[in-house]
Amino acid sequence: MSRFYVTTPLYYVNDKPHIGHAYTTIAADVIARWHRLKGDDVHFLTGTDEHGQKVYEAAEKRGMTPKQHADDMVQPFQNLWERLGITNDDFIRTTEERHTTVVQAVLVMLYERGDIYAADYEGWYSTSAERFWTEKDLVDGKCPDTGQPVHWLKERNYFFKMGKYADQLRQWIVDHPDFLRPDSRRAEIEGYLRKDVGDLCISRPKTRLPWGIAMPFDAEYVTYVWFDALLNYITAAGYHPDPAKNTMDRWPATYQIIGKDILATHAVYWSTMLFALGLPPAQCLYAHGWWTVEGQKMSKSLGNVVDPNLLIDAYGREPVRYFLLKQIPFGGDGNFAHDDFMGRFNADLANDYGNLGHRSLSMIGKWCGGVVPALDEPTERDNALTALAQRTLAEYTEQLEALQFSVAFETLWGLVRAGNKYVDSEEPWRLNREGNTARLGGVMRRALEICRIAAVLTSPIMPEKSVEMLEKLGLPEIRFANLDSLDGLIAGATLTLGEPLFPRMQKLPDSILAARKAAEDAAPAKPKKKKKKKKVVEPIDIADFAKIQLKVGLVVSAEAHPDAERLLVLKVNIGEPKLRQIVAGIASRYTTEDLVGKTVIVVANLKPAELRGVMSEGMLLAAGGREVVGLASIPEGATPGMTVR
Ligand code: ME8
């Protein structure tokens with residue numbers, strides 16, 4: 001029996017959970033359920049992050065103390081996990097004493113050892129944004145977030161010697177290629193670690209933020225929320241820096257699942273904190289991608305935040321669990337649209353899986369007495385089906401255990417579709433007509449066996465539907481056995497036809513249509529465009545055109561702009577000794593991963609300009625206006641630096 005420990009982030013209780021939170025938690029639940037099914041000793045931890053500025057502000061807005069607010073807001077999370085069938089073994093709140101006392105003990109230990117020290121921090125402080133900025137962050141000398149004035153502030157704070165452990169982390173990543181997944185995330189952190197890693201400010205003066213775990217060696221300060229919250233993964237597992245009080249036997253975690261937004265805090269802050277405690281990082285830190293909704297970023301102001309409760313009410317919890325993990329490869333970004341939901345539900349669940357069960361059961365009801373038929377002597381086609389089932393089990397296991405959920409389901413659906421094809425080509429209706437009962441029974445039995453395998457293998461994602469399917473097949477429970485053979489049912493057991501497992505959806509439920517309309521109505525009205533005077537484009541002569549230097553460029557790296565969602569910051573090789581940094585407004589069309597390795601056309605002699613605080617030394621040619629349709633393409637064989645004309 002192997003030990004398996006999986007964690008989700010601790011979600012902030014500043015607001016209610018949405019599909020993004022549900023996504024991470026469902027993924028962790030599926031992998032936890034899978035390992036339990038296999039008989040492993042599983043521990044699954046989730047919880048809530050209840051300190052910090054965000055929670056403090058949310059409580060203030062509601063006229064509550066932060067603790068009252070947290071006690072209230074933790075409930076929508078716990079209720080949602082119950083409604084989604086999440087089987088966490090523990091739920092930690094960072095305001096619990098089992099956590100706060102250990103965080104304080106860690107702080108004392110690191111302070112006494114010199115890994116935490118006090119120092120003065122100086123910088124531009126924005127009272128409106130309640131944070132420091134560097135000189136180059138400022139826009140016209142003002143706060144880039146709020147546009148309000150900033151003032152120079154010198155503040156004493158406590159720092160964790162993060163930089164001291166940076167080399168250990170660099171080496172760890174080299175020695176443990178499976179630590180940061182998927183690969184693109186490892187590349188991102190390797191890039192981050194190429195720069196100097198400074199020390200981490202881990203305190204906040206109470207005068208600025210009174211809500212947090214008190215610094216045990218200085219009553220004027222609270223602990224920075226990230227330093228506190230990250231420790232939950234071990235405080236919940238029984239860690240204590242005093243060996244006499246330490247009961248932790250679960251670390252390192254097998255999987256820590258997070259979203260890509262909190263990759264650096266986990267890969268860098270958390271790993272170096274663990275090194276300071278003499279502990280290894282998790283075996284795998286997996287940062288998945290980002291959901292948008294109906295093509296837009298989810299945000300309160302757009303009124304398009306999807307409440308998972310609405311989806312559960314309208315579609316049922318298990319199709320929701322399936323859809324979220326099937327729709328996008330785990331690691332990539334994706335878009336949630338109700339029409340896609342209906343399409344996938346009907347194709348995968350109603351047509352493929354549900355229909356294989358329903359049509360097989362109804363044929364057996366009509367022609368084979370409604371009991372599990374006996375197997376007959378296998379033909380070549382039957383043996384091929386068995387071989388496919390064996391391959392499916394092996395591949396499905398490997399893919400699921402690597403958190404490649406959508407790939408694993410695709411593999412399994414390959415078997416389900418093969419089952420439907422098998423029924424079509426064996427023509428049970430013909431066998432019945434011809435009175436070939438032995439073969440008819442054998443064929444239908446194999447179709448049912450595929451339903452059994454699909455039901456067991458999907459049980460981590462749709463457990464109730466699996467039980468329902470297995471009951472129809474005359475099996476009392478989910479058993480992880482005989483999954484590589486088409487001989488796991490009990491011949492003669494009574495079958496139940498009942499209702500189809502997933503009745504086809506004819507149209508979107510009314511509640512969804514109403515919510516979608518409400519979101520559209522709530523969306524801020526787009527400002528009416530002033531009628532622009534039609535620009536008259538004056539012709540230029542060739543000499544003017546010749547002034548523009550266009551070059552072939554190769555995108556070497558791409559990252560999000562720190563301050564503008566529409567923009568990406570690229571490093572482009574245009575055949576010069578130094579890479580060009582180009583800020584391009586193409587984030588609505590391209591992800592950073594799309595761009596690396598792409599050949600583009602660069603306007604190379606444009607005057608450098610600062611775009612939202614980041615210097616841009618050129619421009620890319622693209623089709624479209626503000627909404628980019630695509631980058632101008634370049635034929636194969638063109639190399640960086642080549643002139644374009
Ligand atoms: O960051 N798409 O909490 P948080 C996919 N308290 N996943 C999403 C998402 C989206 N649009 N939006 C949120 C915090 N998530 C800290 C973590 S851990 C010690 C402290 C998911 O409430 C995703 O897992 O902002 C992301 O990492 C997490 O919610 C952030 O939750």
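The coordinates are above.
Because the structure is a prediction, the values reported are computed rather than measured.

So, on to the overall build of the protein chain. Broken down by element type, the protein chain carries 20 helices and 24 strands. In terms of overall dimensions, the protein chain has C-alpha extents of about 90 × 80 × 50 Å along its principal axes. Within the protein chain, buried positions represent 50% of all 645 residues. Taking as baseline every contact in the protein chain between residues at least 6 positions apart, the subset at least 24 positions apart corresponds to 73%.

Moving on to the pairing of strand β11 (residues 255-259). Counting buried residues in β11 gives five out of five residues, a clear majority hidden from the surface. Across the two faces of β11 the burial is the same, with Y255, I257 and G259 and Q256 and I258 all buried. Pairing of strand β1 (residues 3-12) with β11, which is carried by two bridges, proceeds in the parallel orientation. Residue V6 lies in a different strand from β11, and its bridge partner there is Y255. Of the strand pairs in this sheet, β11 and strand β12 (residues 284-288) are connected by five bridges, and their pairing is parallel. Across the sheet, the residue bridging to Q256 is L285, located in β12. Traced from β11 through helix α9 (residues 263-276) to β12, the parallel crossover comes out right-handed.

Relative orientation of the contacting elements helix α12 (residues 338-367) and helix α16 (residues 437-457) amounts to 145°, with a least axis distance of 10 Å. Once α12 is placed against α16, the crossing between them reads as left-handed. Of the residues in α16, those in contact with Y353, L356, G357, S360, L361, M363, I364 and W367 of α12 are L440, M444, A447, L448, I450, C451, A454 and A455. Within the contact of α12 with α16, the residues separate by chemical class into 14 nonpolar, two polar and no charged.

With that settled, consider the sheet that holds strand β4 (residues 116-126). On the basis of which strands lie adjacent, the open sheet formed by four strands has the order β5-β4-β6-β8 and antiparallel pairing. Since the sheet does not close on itself, it has two edges, and those belong to β5 (131-133) and β8 (200-201), each with one partner.

Moving on, we get to the pattern of salt bridges. Going through the model one piece at a time under the given rule, you end up with 49 salt bridges. A salt bridge links D333 to K260; the shortest N-O distance between them is 3.0 Å. Residue D333 is located in the loop between α11 (317-327) and β14 (334-336), and its partner K260 is located in the loop between β11 and α9; the two are separated by 73 residues in the primary sequence. Its relative accessible area of 33% is what places D333 among the partly exposed residues. D487 serves as the salt-bridge partner of R445, at 3.0 Å between the closest nitrogen and oxygen. One end of the pair, R445, is in helix α16; the other, D487, is in the loop between α17 (463-472) and α18 (510-522), with 42 residues separating them in the sequence. Looking at R445, the relative accessible area reads 3%, which means it is buried. Here the salt bridges do not stand alone but share partners, grouping K326, R344, D348, D352, E410 and R417 into one network.

Bringing the environment of R170 into the picture now. By secondary structure assignment, the location of R170 is in helix α5 (residues 166-175). Residue classification places R170 among the partly exposed positions, given a relative accessible area of 27%. For R170 and T24, which are 146 residues apart along the polypeptide, the C-alpha to C-alpha distance reads 27 Å. In contact with R170, not counting residues within four places along its chain, are L193, K195 and V197. At a separation of 2.7 Å, a polar atom in the side chain of R170 contacts the side chain of D167. From its side chain, R170 meets the backbone oxygen of L193 in a polar contact 2.9 Å long.

Take helix α3 (residues 66-83) next. Its 18 residues place the ends of α3 26 Å apart at the C-alpha level, agreeing with the 26 Å of an ideal helix rising 1.5 Å per residue. Those residues of α3 not exposed but buried are P66, H69, A70, M73, V74, P76, F77, L80 and W81. The arc that holds every buried residue of α3, seen down its axis, measures 155°, which confines them to one face. Here the buried face of α3 lies against β1, α1 (19-37), β2 (41-49), α2 (52-61), β3 (90-93) and α10 (308-315). Positive phi shows up at G85, right after α3, with a value of about 75°.

Moving on, we come to the site of the ligand. In the region of the ligand, 23 residues are neighbours, and L10, T24, D49, D261 and W291 sit closest. A distance of 3.0 Å is found between an oxygen atom of the ligand and a backbone nitrogen or oxygen belonging to Y12. Between the ligand and T24 there is a distance of 2.7 Å, counted from an oxygen atom to a side-chain nitrogen or oxygen. In the complex, the protein chains occlude 94% of the 680 Å² of accessible area that the ligand would expose alone. For the shell around the ligand, the secondary structure elements donating two or more residues are β1, α1, α7 (225-230) and α8 (232-235). Here the shell around the ligand gets four residues from one element, more than from any other, and that element is β1. The residue makeup of the shell around the ligand, split by class, is twelve nonpolar, nine polar and two charged.

Attention now goes to the side chain of D40. You can see D40 is positioned in the loop between α1 and β2. As a buried residue without a salt bridge, D40 has its nearest oppositely charged side chain in K38, at a separation of 5.0 Å. Reaching out from D40, the side chain makes a polar contact with the side chain of H35 at a distance of 2.7 Å.

What follows concerns the sheet that holds β1. Taken in spatial order, the six strands make up an open sheet running β3-β2-β1-β11-β12-β7, and their pairing is parallel. Across the chains shown, the open sheet's two edge strands, defined by having one partner strand only, are β3 and β7 (180-181). Where β7 lies against β12, two bridges are found, and the strand directions are parallel. Among the inter-strand pairings, R181 is bridged to a residue of β12, identified as Y286. Here α3 sits on the sheet in contact with β1, β2 and β3, set at roughly 160° to β3.

We now examine the environment of L385. The topology assignment puts L385 in helix α13 (residues 380-401). Excluding residues that lie within four positions of it along the chain, L385 makes contacts with L415, A418, Y422, R446, I450 and L486.

This brings us to a nonpolar patch on the surface. There is a patch of nonpolar side chains on the surface, built from I540, I542, F545 and I548 and spanning about 410 Å² of accessible area. Among the structural elements, I540 can be located in the loop between α18 and α19 (542-546). Here I540 falls in the exposed class, since its relative accessible area comes to 54%.

What counts and what doesn't
Residues numbered from 1 in each chain as written. Predicted model: local features only at pLDDT ≥ 70, side-chain atom pairs only at ≥ 80, totals over all residues. Heavy atoms only, no water. Helix = DSSP H or I, 4+ residues; strand = E, 2+ residues; numbered from the N terminus. Buried < 20%, exposed > 50% of the residue type's maximum accessible area, 1.4 Å probe, protein only. Contact = heavy atoms within 4.5 Å. Pairing = 2+ DSSP bridges. Right-handed = clockwise from strand over helix to strand, strands pointing away. Axes fitted to C-alpha atoms, helices over the stretch in contact; angles between N-to-C directions. Left-handed = near helix turned anticlockwise from the far one by under 90°. Nonpolar A, V, L, I, M, F, W, Y, C, P; charged D, E, K, R; others polar. Salt bridge = Lys/Arg side-chain N within 4 Å of Asp/Glu carboxyl O. Polar contact = N/O pair within 3.5 Å; in protein donor to acceptor, adjacent residues only side chain to side chain. Expected span 1.5 Å × (residues − 1). Arc of directions from axis to C-beta. Near = heavy atom within 4 Å. Areas by Shrake-Rupley, 256 points an atom, 1.4 Å probe, with all protein chains shown as cover. Lys, Arg positive; Asp, Glu negative; His and termini not counted. Patch = residues over 30% accessible without salt bridge, like charges linked within 9 Å, V, L, I, M, F, W, Y side chains within 5 Å.

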